[in-house]
Amino acid sequence: MSSETSPHKPRVAVVFGGRSSEHAISVLTAGAVLRAIDRDKYDVLPIGITTDGRWALTADDPERMAIADRRLPSVAELAESTEGGVVLPVDPTNREVVYSEPGSVPKALGEVDVVFPVLHGPYGEDGTLQGLLELSGVPYVGSGVLSSAVGQDKDYMKRVFASFGLPVGPYEVIRPREWEKDPAAARRKIVDFAGEHGWPLFVKPARAGSSMGITKVEDLAGLDEAVEEARRHDPKILVESLLSGREIECGVLEFEDGPRASVPAEIPPVTAHDFYDFEAKYIDSADGIVPAPLTAEQTAEVQELAVAAFEAASCEGLVRADFFLQDNGEFVINEINTLPGFTPISMYPRMWQESGVSYPELIDRLLQAALERSTGLR
């Protein structure tokens, strides 16, 4: 027998679930990622965060992390215990993950080499988890604290894009204090915006994703209800004018020589829904067209804009950039997503599959890039 020992396999903690309204989407993404990770190359530790914030040790069972009979999965259903918790030490000299239950001796789960966070929305995608991992000195997939926060907050995201000269559509922001202290004045602000840009308007949470809490408002009668629906997800809301045109998406992935853009995709009009909302995306599985039927010039332009958005927000790893191709032929950037979905129907992996990067290769490239990147200032 050879005295040589087998090489160390990097240990990947896939962290998913979370406290945001996108909890179930994160579980779906985790299932797809766990299914795709090369187990000959990586050891895997699934860690789910419940809706109340408990870090739970979960079953490594991707089949249970799927929509069944239109029912969305949750970490609570996957957790191995209703009380036990996973602890990641906030100590850059120690990457030992510990599991403990009330009345029991804590159990060491081993060191983690890299974290693949597949949390969507606040308390995960917005820089909060990234800050914890920076304090812990554990490398992780995706953008850092600032870029994640900018990518989550559509208000500041648009401000950053505009400052870099990227085309941004008209919008208005209603901050929590405005609606809570003087709703009449806040309402007038929205009505004035509609007077300038016309109805209908889209009212949405400023810091949510997966089309959660968005309402298309045709006139003043539906405004208050739309605001309250958005505020269920985030006390800060965004009001946008209707941009007539085609919805185009483009993936950005960081390679050794810098970020590159995928072939773009188009989200066709969804006849059963008023717009590309949560139900259309995840329950009724609206299909995108990959690659998008664009001219060579349009494809090159949207790819250039996608990379420019990635750079403007100082992103790392990956981004999905969403655009409107207006009827006048001009692109407007709607938003970026620093941790786009990786569900089987998600557009980001589909765009890269069409660009020659398979799903397992995409996961491997993201993990390898994270392992090579240091934490801290960079």
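Quantities reported herein were computed from a predicted structural model and do not represent experimental measurements.

*Asks:* I'm lost on the overall build of the protein in this one. Help?
*Replies:* Each helix and strand counted, the protein has 12 helices and 16 strands in total. Against the 2.2 N^0.38 benchmark of 21 Å for 378 residues, the protein shows a C-alpha radius of gyration of 21 Å, consistent with a compact globule. Residue burial in the protein is summarised as follows: out of 378 residues, 54% are buried. Contacts in the protein between residues at least 24 apart in sequence constitute 66% of all its contacts with a sequence separation of at least 6. As presented, the protein carries roughly 16,700 Å² of accessible surface, and 50% of it is formed by carbon and sulfur atoms. Distance from the positive charge centre (35 side chains) to the negative charge centre (61 side chains) of the protein: 4 Å.

*Asks:* Before we go on, may I ask you to explain unusual backbone geometry in this structure?
*Replies:* Working note: non-glycine residues mostly have negative phi, and peptide bonds are mostly trans. With an omega dihedral of 0°, the bond running from Trp-199 to Pro-200 counts as a cis peptide bond. A cis geometry characterises the amide bond from Val-290 onward to Pro-291, with omega recorded as -5°. Structurally, Pro-291 can be placed in the loop between α9 (278–283) and α10 (296–312). Although it is not a glycine, Tyr-123 adopts a positive phi angle of roughly 65°. On the secondary structure map, Tyr-123 appears in the loop between β7 (114–117) and α3 (128–136).

*Asks:* Mind showing me how you'd approach the packing of helix α1 (residues 23–36) against helix α12 (residues 359–372) here?
*Replies:* When two helices pack together, you describe them by how their axes are tilted relative to each other and by the distance separating the axes. Relative to each other, α1 and α12 sit at 95°, their axes nearing to 9 Å. Relative to α12, α1 is oriented roughly perpendicular. Of α12, the residues touching α1 (which contributes Ala-32, Val-33 and Ala-36) are Tyr-359, Pro-360 and Ile-363.

*Asks:* How do you make sense of the packing of helix α4 (residues 145–152) against helix α5 (residues 154–163) when you look at a structure like this?
*Replies:* Where α4 contacts α5, the two axes come as close as 5 Å, and the packing angle between them is 105°. Compared by their axis directions, α4 and α5 come out roughly perpendicular. Facing α4, whose interface residues are Val-150, Gly-151 and Gln-152, α5 presents Lys-154, Tyr-156, Met-157 and Val-160. Looking at side-chain class alone, the contact of α4 with α5 contains four nonpolar, two polar and one charged residues.

*Asks:* Even after reading the chapter, I still don't get the sheet that holds strand β9 (residues 201–205), so can you show me in this structure?
*Replies:* Two modes of strand pairing occur in sheets, parallel and antiparallel, and in both the strands are linked by backbone hydrogen bonds. The four strands are arranged β8-β11-β9-β10 in an open sheet whose pairing can be described as antiparallel. Every interior strand has two partners, whereas the edge strands, β8 (171–174) and β10 (215–217), have only one. Geometrically, the sheet is characterised by an average inter-axis angle of 25° between neighbouring strands, direction not taken into account. Pairing between β9 and β10: three bridges, direction antiparallel. Pairing of Phe-202 across the sheet is with Lys-216, part of β10. Most of the contacts of helix α8 (residues 223–231) go to β9, to which it runs at about 25°, and overall it touches β9, β10 and β11 (237–241).

*Asks:* How should the environment of Ala-312 be read in this particular structure?
*Replies:* In this fold, Ala-312 is placed in helix α10. Residue Ala-312 is classed as buried on the basis of its relative accessible area, which comes to 8%. Taking C-alpha positions, Ala-312 is 32 Å from Arg-11, a pair spaced 301 residues apart along the chain. Those residues within four positions of Ala-312 in sequence are excluded, and the remaining contacts are Val-160, Phe-161, Phe-164 and Leu-166.

Criteria and cut-off values
- Residues numbered from 1 in each chain as written.
- Predicted model: local features only at pLDDT ≥ 70, side-chain atom pairs only at ≥ 80, totals over all residues.
- Heavy atoms only, no water.
- Helix = DSSP H or I, 4+ residues; strand = E, 2+ residues; numbered from the N terminus.
- Rg over C-alpha atoms; globule rule 2.2 N^0.38 Å.
- Buried < 20%, exposed > 50% of the residue type's maximum accessible area, 1.4 Å probe, protein only.
- Contact = heavy atoms within 4.5 Å.
- Areas by Shrake-Rupley, 256 points an atom, 1.4 Å probe, with all protein chains shown as cover.
- Lys, Arg positive; Asp, Glu negative; His and termini not counted.
- Charge placed at Lys NZ, Arg CZ, Asp CG, Glu CD.
- Axes fitted to C-alpha atoms, helices over the stretch in contact; angles between N-to-C directions.
- Parallel < 35°, antiparallel > 145°, perpendicular 65-115°, else oblique.
- Nonpolar A, V, L, I, M, F, W, Y, C, P; charged D, E, K, R; others polar.
- Pairing = 2+ DSSP bridges.

In short, geometric facts, not functional conclusions.
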